[in-house]
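# Remarks on the overall topology
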Amino acid sequence: DRLAAHGMYFENAFVTTSLCSPSRASILTGQYASTHQIMDNDTPLPTGTPTFPSELQKVGYRTAFIGKWHMGGDNDMPRPGFDHWVSFKGQGAYNNPEMNVDGTRIKEKGYTTDILTDYAVAFIKENHHQEAPYFLYLSHKAIHENFTPAQRHQGEYHGLIVPRPETFGQLEKDYRGKPDWLKKQRNSWHGAERDFQATGYGDFDNFFRLYSEAMLSVDESIGKVTQALEELDALDNTLIIYYSDNGYMMGEQGLIDKRVMYEPSIRVPAFVHWPAVIPQPITKKEMILNIDLGPTILELAGSAIPASMHGQSFASLIRREATSWRDAFVYEYFVDPNAVQTPTIIGLRTEQYSYMTYPGVWDNYELYDLKKD
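The paragraphs below set out a description of the structure included in this document. (Residues numbered from 1 in each chain as written. Predicted model: local features only at pLDDT ≥ 70, side-chain atom pairs only at ≥ 80, totals over all residues. Heavy atoms only, no water.)

## A short note on the pattern of salt bridges
Taken as a whole and judged by the stated rule, the model has 21 salt bridges. A salt bridge links glutamate 145 to arginine 194, with the shortest nitrogen-to-oxygen separation between them at 3.1 Å. Linking glutamate 145 in the loop between β7 (134-139) and α6 (180-185) with arginine 194 in the loop between α6 and α7 (204-231), this pair joins segments that are 49 residues apart in sequence. When sorted by exposure, glutamate 145 lands in the same class as arginine 194, which is buried. (Salt bridge = Lys/Arg side-chain N within 4 Å of Asp/Glu carboxyl O. Helix = DSSP H or I, 4+ residues; strand = E, 2+ residues; numbered from the N terminus. Buried < 20%, exposed > 50% of the residue type's maximum accessible area, 1.4 Å probe, protein only.)

## A word on the side chain of threonine 17
With respect to the helices and strands, threonine 17 occurs in the loop between β2 (13-14) and α2 (20-29). Looking at threonine 17, the relative accessible area reads 2%, which means it is buried. At 2.9 Å, the side chain of threonine 17 forms a polar contact with the backbone oxygen of glutamate 332. Leave out the neighbours within four places in its chain, and threonine 17 touches Pro22, Ser23, Ala33, Asp245, Asn290, Tyr331, Glu332 and Tyr333. (Polar contact = N/O pair within 3.5 Å; in protein donor to acceptor, adjacent residues only side chain to side chain. Contact = heavy atoms within 4.5 Å.)

## As for the sheet that holds β7
In spatial order, the strands read β6-β5-β4-β3-β7; together these five strands make up an open sheet with mixed pairing. The outermost strands of the open sheet, each flanked by one partner alone, are β6 (104-107) and β7. Across the sheet, the axes of successive neighbouring strands diverge by a mean angle of 15 degrees, strand direction being ignored. Taken together, the four bridges between strand β5 (residues 98-101) and β6 define a ladder with antiparallel strand orientation. Residue pairing across strands places methionine 99 opposite isoleucine 106, the latter belonging to β6. (Pairing = 2+ DSSP bridges. Axes fitted to C-alpha atoms, helices over the stretch in contact; angles between N-to-C directions.)

## As for the pairing of strand β16 (residues 353-357)
Across four bridges, the pairing between strand β15 (residues 345-350) and β16 is antiparallel. Residue pairing for β16: leucine 348 is matched across the bridge by tyrosine 355. Where β15 folds back on β16, the antiparallel hairpin that results is connected by two residues. By the bridge criterion, four bridges tie β16 to strand β17 (residues 366-369) in an arrangement that is antiparallel. Within the sheet, the bridge partner assigned to tyrosine 353 lies in β17 and is aspartate 369.

Here you go:
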């Protein structure tokens, strides 16, 4: 909150595919999933695909990836584009994880968010006084299910009463005009009537509390990274971009998880903190996307932007320069064999409307006027 309040906050930031690996691949490549072909959480990034970290290396940056990679399932080995690598297989574990550090597996002790933060701070300190500029990609495991807060945060929100969203949808009238798959999904793993007992949460309220408690360590992580930069007197001249790979449904439309095109799923928190360039806090209304991050970083680093990238650099927005900008974007999600409750979705999101189609499914399409609905 402190960084966002003193930087450039983007209140309309989105992802083009709301699922971990496809979205992360879009961040790295600047491409839509239909081009980079990462449709699920198991497919590796195709060899030779241009990524913005590889382009940064070409212009002299020392690069590091620290955290959850996820693309390619059980393969935790270093990927192209990074001089320093700290990651783990798949989703990883919240406690006492096995890390792959530059090709060597190390059994760590402690809470994963804290461990990744320590590696990040160490990389910053090691590279601060070097002649070459550096880029750090800190990619937390938290807050993925099963939500497991750090021991120091367990019980922080005990007793918190969690209000149900207006679209929680318990009554028949709540599904009037909606697609049939949406109502059926209510009793699935990704529905608000899922078996919270069987998954160890107990009930929806505790599910939400644990989600929130697990986020606290991420908040502390950002604080520790910021503190390290302050101690090095480097915070003002360091560009920090905060973004997420997807939003999350917490009972809205009767759903849990992401994937769908409803607003809580496709919207993500986003801000840029760079006091040397953004001296005063400002809120931007322009729609920025996950595919824009690579082009933006490359332009600001003085690198050419590969023609393969679909995204648009928002460096001009950061510099507060007059620029023409998009007024719409396409959303795509491809049915996942591991979660067939959500159909393939191709949609169009404009400044006023959200239109959702379901190719291959004989069901209602959805059109919302965002000013009225």
